[in-house]
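# Descriptive analysis of the structure
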Amino acid sequence: MSVTLDTAFFRRFLARATQVFVAEAAHLTDLDAAIGDADHGANLKRGFTSAGRVIADEAPATPGALLTAVGMHLTNTVGGASGPLYGTVLRRMGKVLGEDPVVEPPALGKALTAAVASVRRLGDSAPGDATMVDALAPAAEAYTSALADGGDVVAALDAAARAAHQGAEATVPLQARRGRASYLGERSIGHQDPGAASSAMLITALYEATDTGLPEVFEGAEAEEEATSEGETAAAPATQSPQPAAGEKADVKKEPKENGRVGVVLVSHSRDVAASTADLAKALVGTGDPAPVAAAGGLPDGGIGTSAELIRRAIADVDEGKGVVVLCDMGSAVLTVKEILADPAGNGVPEDLRIADAPFVEGAVAALVTASVGGDADMVTAATDDARGYRKV
Ligand code: ADP
Ligand code: MG
């Protein structure tokens, strides 16, 4: 038995993945509760169910377009690290598959291999770090070698799914070296990495999509999404960039302002931390005339997390044509900004956008003080480097 890797196949894959993430959300969240912040299942459930609506509306015509659309959606809507990470997996696959209406089996192998490389690059992670890479990398390798050994695509995907599950199991004795679980140090040993577990489910869904009897749409998606999207809503503080209206694109085609300065964007998991840090930095600008600074903290509903949309909006707000420097706290904040930086044009942000490698508060103050006195983007970045090197003992 073989199968055609057409758009219908990839729709079945996404529908099946959504169904599994909905069914397994509690299990994935339990895994994340042990070594993280107990949101992995909820993150994937929300991201994939709402992606289902996007692809129903847009109905991308090719496998590449479909995977790209869902990948972008995940980066945009999942507030945790897994959003930009799975976002880059699907977008990278979509890019490698290009515009072909039917994917040849070796091309899928290339797409999977490239996806693994993109996660490793974005997350600065390697096999053995106890992350999703430990499931995805063996899956891509098993798929490629099964094809090379003469297996058909069904056998190769079966091998990939098995390898992914083994890889996920193999994270149990490992110490986490990336992501939130790494904060636990040796205490992360003995727990399965939640992202590796969900990656094994994702690759298994790819194998299961070889069953042409599976539906192309997950019917439970709408109801599930409504049940999970009721976040707490907090009033936005004055310095938070306003939440964009649905579908609204940030306006980035700004003319450089005469006397424009470098803009500073502060991305924290917390709306309050980002806003307060902006207030602190402004208060410490001696001239009393701070350069543009915008806070992009938390999720649009005020919850803890990272929102690509709020970040893009904040960047547009502070852009005076002289460059924008972004300070981030950690995890998904860093990963989401790096994903935006990887494709400035596609994200509608200015080319001269930089991420500062510096502690959040100290870096924010150094950046804003330097930008306020007219320092260029190189000088602002150098000031944040100094903040990183400043010893306190
Ligand atoms: P968060 O950690 O922001 O709460 P999730 O709980 O949704 O996000 O996802 C956590 C998973 O993401 C981890 O189990 C791990 O597999 C993966 N992950 C986190 N950081 C990295 C990284 N730097 N590289 C690769 N994978 C990572
Ligand atoms: Mg988590």
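Residues numbered from 1 in each chain as written. Chains lettered and ligands numbered in written order. Predicted model: local features only at pLDDT ≥ 70, side-chain atom pairs only at ≥ 80, totals over all residues. Heavy atoms only, no water.

All right, on to the site of ligand 1 then. Taken together, 20 residues sit near ligand 1, with Asn43, Ala81, Ser82, Gly123 and Asp193 positioned nearest. The side chain of Asp32 places a nitrogen or oxygen atom 3.1 Å from an oxygen atom of ligand 1. Here an oxygen atom of ligand 1 sits 2.9 Å away from a polar atom, N or O, in the side chain of His40. Bound to the protein, ligand 1 loses 95% of the 560 Å² it would expose on its own. Put simply, the parts of the chain that give the shell around ligand 1 at least two residues each are α2 (40–58), α4 (82–97) and α8 (194–208). In terms of residues, the shell around ligand 1 owes the most to one element, α8, which gives 3 residues. Of the residues that constitute the shell around ligand 1, the class distribution is 5 nonpolar, 9 polar and 6 charged. (Near = heavy atom within 4 Å. Polar contact = N/O pair within 3.5 Å; in protein donor to acceptor, adjacent residues only side chain to side chain. Areas by Shrake-Rupley, 256 points an atom, 1.4 Å probe, with all protein chains shown as cover. Helix = DSSP H or I, 4+ residues; strand = E, 2+ residues; numbered from the N terminus. Nonpolar A, V, L, I, M, F, W, Y, C, P; charged D, E, K, R; others polar.)

Turning next to the packing of helix α6 (residues 133–148) against helix α7 (residues 153–169). Following both chains from N to C, one finds α6 and α7 inclined at 150 degrees, their axes separated by 7 Å at the closest point. One finds that α6 runs roughly antiparallel with respect to α7. For the pair α6 and α7, the crossing hand works out as right-handed. Facing Asp134, Ala135, Pro138, Ala139, Ala142, Tyr143, Ala146 and Leu147 of α6, the residues of α7 in contact are Val153, Ala156, Leu157, Ala159, Ala160, Ala163, Ala164, Gly167 and Ala168. Considering only residue class, the contact of α6 with α7 consists of 15 nonpolar, 1 polar and 1 charged. (Axes fitted to C-alpha atoms, helices over the stretch in contact; angles between N-to-C directions. Parallel < 35°, antiparallel > 145°, perpendicular 65-115°, else oblique. Left-handed = near helix turned anticlockwise from the far one by under 90°. Contact = heavy atoms within 4.5 Å.)

We now examine the confidence of the model for the protein. Any region with low pLDDT has predicted coordinates that should not be read closely. A residue-level look at the protein finds 91% of positions with pLDDT of 70 or above and a mean pLDDT of 91. Contacts for the low-pLDDT stretch residues 228–238, under 50 throughout, to residues beyond four places or in other chains number 13 contacts. Low pLDDT, under 50, characterises residues 244–252; the predicted model gives this stretch 14 contacts beyond four residues in sequence or across chains. (pLDDT = per-residue confidence, 0-100.)

Looking now at the pairing of strand β3 (residues 263–267). β3 sits mainly inside the fold: 5 of its 5 residues count as buried. Alternating residues of β3 divide into Gly263, Val265 and Val267 and Val264 and Leu266, and every residue in both groups is buried. Bridge analysis of β3 against strand β5 (residues 324–328) gives 5 bridges, and the strand direction is parallel. Each residue of the ladder has a partner; that of Leu266, found in β5, is Leu327. Bridge count for β3 against strand β4 (residues 293–295) is 3 bridges, and the pairing is parallel. In the strand pairing of β4, Leu266 is matched with Ala295. With helix α10 (residues 271–283) bridging β3 and the parallel β4, this β-α-β connection has right-handed handedness. (Buried < 20%, exposed > 50% of the residue type's maximum accessible area, 1.4 Å probe, protein only. Pairing = 2+ DSSP bridges. Right-handed = clockwise from strand over helix to strand, strands pointing away.)

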